[in-house]
Amino acid sequence: MTDKATLTWGAGKSAEFPILKGTIGPDVIDIRTLYANTGMFTYDPGYMSTGSTKSAITYIDGDKGILLYRGYPIEQLAVQCDFLEVSYLIKHGELPTKTQYEDWVGRVKRHTMVHDQLTRFFNGFRRDAHPMAVLVGVVGALSAFYHDSLDINNPEHRIIAAIRLIAKLPTIVAMAYKYNMGQPFMYPRNELSYSANFMHMMFATPCETYVPNPVLVRALDRILILHADHEQNASTSTVRLSGSSGANPFACIAAGIACLWGPAHGGANEAALAMLEQIGDASKIPEFIAKVKDKNSGAKLMGFGHRVYKNYDPRAKLMRETCHEVLAELGLQNDRLFKLALALEKIALEDDYFVSRKLYPNVDFYSGIVQRALGIPTNLFTGIFALARTVGWIAQWNEMIADPEQKIGRPRQLYTGPTTREVVPMDKR
Ligand code: CMC
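Because the structure is predicted, anything quoted here is derived from the model rather than measured. (Residues numbered from 1 in each chain as written. Predicted model: local features only at pLDDT ≥ 70, side-chain atom pairs only at ≥ 80, totals over all residues. Heavy atoms only, no water.)

1. Quick word on the pairing of strand β2 (residues 13-20)
Relative to β2, strand β1 (residues 4-9) is paired through six bridges, and the arrangement is antiparallel. Each residue of the ladder has a partner; that of Thr8, found in β2, is Ser14. Following β1, the chain reverses through three residues before pairing antiparallel with β2; Gly10 in that reversal takes a positive phi of roughly 55 degrees. In the sheet, β2 pairs with strand β3 (residues 28-29) via two bridges, with the strands oriented antiparallel. Within the sheet, the bridge partner assigned to Ile19 lies in β3 and is Ile29. (Pairing = 2+ DSSP bridges. Helix = DSSP H or I, 4+ residues; strand = E, 2+ residues; numbered from the N terminus.)

2. Looking at the site of the ligand
Near the ligand you find 20 residues, and of these His265, Leu301, Gly303, Arg307 and Arg357 are the closest. Here an oxygen atom of the ligand sits 3.0 Å away from a polar atom, N or O, in the side chain of Lys300. Protein contact buries 75% of the 940 Å² of open area that the ligand shows by itself. For the shell around the ligand, the class distribution of residues is eight nonpolar, six polar and six charged. (Near = heavy atom within 4 Å. Polar contact = N/O pair within 3.5 Å; in protein donor to acceptor, adjacent residues only side chain to side chain. Areas by Shrake-Rupley, 256 points an atom, 1.4 Å probe, with all protein chains shown as cover. Nonpolar A, V, L, I, M, F, W, Y, C, P; charged D, E, K, R; others polar.)

3. Describing the packing of helix α4 (residues 98-109) against helix α7 (residues 155-181)
Taken N-terminus to C-terminus, the directions of α4 and α7 make an angle of 75 degrees; their axes are 8 Å apart at the nearest point. With respect to α7, the element α4 is oriented roughly perpendicular. Counted together, Trp104, Arg107 and Val108 of α4 and Glu156, Ile159, Ile160, Ile163, Ile166 and Ala167 of α7 form the full contact between these two elements. Across the contact of α4 with α7, the residue classes tally to seven nonpolar, no polar and two charged. (Axes fitted to C-alpha atoms, helices over the stretch in contact; angles between N-to-C directions. Parallel < 35°, antiparallel > 145°, perpendicular 65-115°, else oblique. Contact = heavy atoms within 4.5 Å.)

4. Describing unusual backbone geometry
In this structure, Arg70 is a non-glycine residue whose phi angle is positive, near 50 degrees. Counting through the fold element by element, Arg70 comes out in the loop between β5 (66-69) and β6 (72-73). Relative accessible area serves as the criterion here: at 21%, Arg70 is assigned to the partly exposed category. Notably, Glu231 is not glycine yet its phi reads approximately 60 degrees, a positive angle. Mapped onto the elements, Glu231 comes out in the loop between α9 (214-226) and α10 (234-243). Judged by relative accessible area, Glu231 falls into the partly exposed class, the value being 25%. (Buried < 20%, exposed > 50% of the residue type's maximum accessible area, 1.4 Å probe, protein only.)

5. Brief notes about the pattern of salt bridges
Using the criterion set out here, one finds 20 salt bridges in the structure. A salt bridge links Lys21 to Asp27, with the shortest nitrogen-to-oxygen separation between them at 2.8 Å. Of the residues examined, Lys21 reaches a relative accessible area of 57% and is grouped as exposed. For Arg372, the salt bridge identified is with Asp335, shortest N-O distance 3.3 Å. Here the residue Arg372 occupies a position in helix α17 (residues 363-374), and Asp335 occupies one in the loop between α14 (314-329) and α15 (336-350), the gap between them amounting to 37 residues. Look at Asp335 and you get buried, because its relative accessible area is 11%. Each member of the salt-bridge network shares a partner with another, and the members are Asp30, Arg32, Lys54 and Glu405. (Salt bridge = Lys/Arg side-chain N within 4 Å of Asp/Glu carboxyl O.)

6. Observations regarding the side chain of His157
If you trace the backbone, His157 turns up in helix α7. A polar contact is formed between the side chain of His157 and the backbone nitrogen of Leu150, at a distance of 3.5 Å.

7. Topic: α4
Two residues of an α-helix separated by three or four positions point the same way, owing to the 3.6 residues in each turn. In this model, α4 (12 residues) spans 16 Å end to end at C-alpha, consistent with the 16 Å of a helix rising 1.5 Å per residue. Those residues of α4 lying buried are Trp104, Val105 and Val108. Here the buried residues of α4 occupy an arc of 95 degrees about the axis, which is enough to place them on one side. Elements in contact with the buried residues of α4: α3 (83-92), α7 and α8 (194-203). (Expected span 1.5 Å × (residues − 1). Arc of directions from axis to C-beta.)

8. Quick word on the sheet that holds strand β4 (residues 58-61)
Ordered by their spatial adjacency, three strands build an open sheet running β4-β5-β6, and the pairing between neighbours is antiparallel. Two strands in the sheet have a free side with no partner beyond their single neighbour: β4 and β6. Across four bridges, β4 lies against β5 in antiparallel orientation. Across the sheet, the residue bridging to Ile60 is Leu67, located in β5.

9. Structural notes on the side chain of Glu399
Within the secondary structure, Glu399 is located in helix α18 (residues 381-402). Reaching out from Glu399, the side chain makes a polar contact with the side chain of Arg240 at a distance of 2.7 Å. Among residues more than four places away in sequence, those in contact with Glu399 are Lys54, Ser55, Ala56, Ile57 and Arg240.

10. Some thoughts on the environment of Leu224
On the secondary structure map, Leu224 appears in helix α9. Since its relative accessible area comes to 2%, Leu224 is described here as buried. Counting along the chain gives 164 residues from Leu224 to Ala388, while the straight-line C-alpha distance between them is 4.8 Å. With sequence-adjacent residues up to four places away left out, Leu224 is seen in contact with Phe83, Tyr194, Ser195, Ile384, Leu387 and Ala388.

See below:
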């Protein structure tokens, strides 16, 4: 028997709604018939209590600090798998066998180059354009190049579009960097792993071979795994909402990139590093903390707090570990910003303002320091996040398109504007 929730309002009016159960996590009240039965909508700006979809991809328990991709704990995936293995899992639902993995890697590698005409797009941007602005434009433009994978009702088109996006994002992100630097674009080298190839396209030049350092490649791979999916966050919801109208996958991912750019979302790693630079010295931490606590200052401790995690972000733990490994490998244990970050974290974790609000470091608190050590410029941090999250976005988009219950997303509102009034002719206003 299905559990039901009863809503009562007014003089003795009531309506019943089924309670749906997932495999784990909170039950949900199915209010799809609410308007038809009551003439009322729900009001939930920011979706604080709203489940927008069913999904079998990622599970988060924010109170316990748990993150699972397809049921597997992030701590195991980050240590035992590589990014393409995790991508296969997120996309297909199961970890690949050796044959499936080799086939998947082969398919992704066949698509790492971009159409040569696409390289001309970059010339239209200023050299100092923010890479995220370039990514929104160039990824959106992919829909003008790959007409043979735009039929969203054809599962084969959907898989080719997914592979193209996963394969080409590193190439495009590296091109955005090279364009900024005024260096020639580097073609992908398919004998390298996904992450090593990305580092080659970033750091090699035609006159110098780049030999990727395995410790740094592993660190980048871990950054990608930790950012690959995160349930129905703002950018993923943007991708789903865009896709719900039948828009093509390249356009939907471009919309996701635009949303990710915001400082409250993917822009936080860039903002966290800028904040550390601004604080500059451990002696300035108390002054900065006081500013953060002052609501009128508008300052936030960037890289702290999360809408869902009200406990330590499990990704932050792994990223903190990677941070130590990378800095040790590069002999940067005494890195000024890293030491400052550790001091800031210690003070914040003991301060009642942060403790009482359950504000803990999130993944972005450390990922900026790691990326900086890898030689990635600050303005590209969110681009790396976009590269990783493309896997989650495309898997979520595909899950939505294949869902028979899928409908165009169309929220309603509580109208607070003027009631009906007559237009007064201009000479009488
Ligand atoms: N520094 C100082 N105070 C904060 C912070 C912070 N980073 N985050 C939240 N608060 C305070 C907030 O002012 C509020 O205080 P009060 O109850 O006195 O009004 C309380 O904590 C609750 O905050 P909220 O704004 O209601 O929480 P939210 O769930 O709407 O916001 C957040 C979540 C991530 C947008 C926010 O914590 C934030 O802006 N953090 C900094 C940016 C950041 O690091 N974002 C990365 C998120 S992780 C990467 C990703 O998934 O994209």
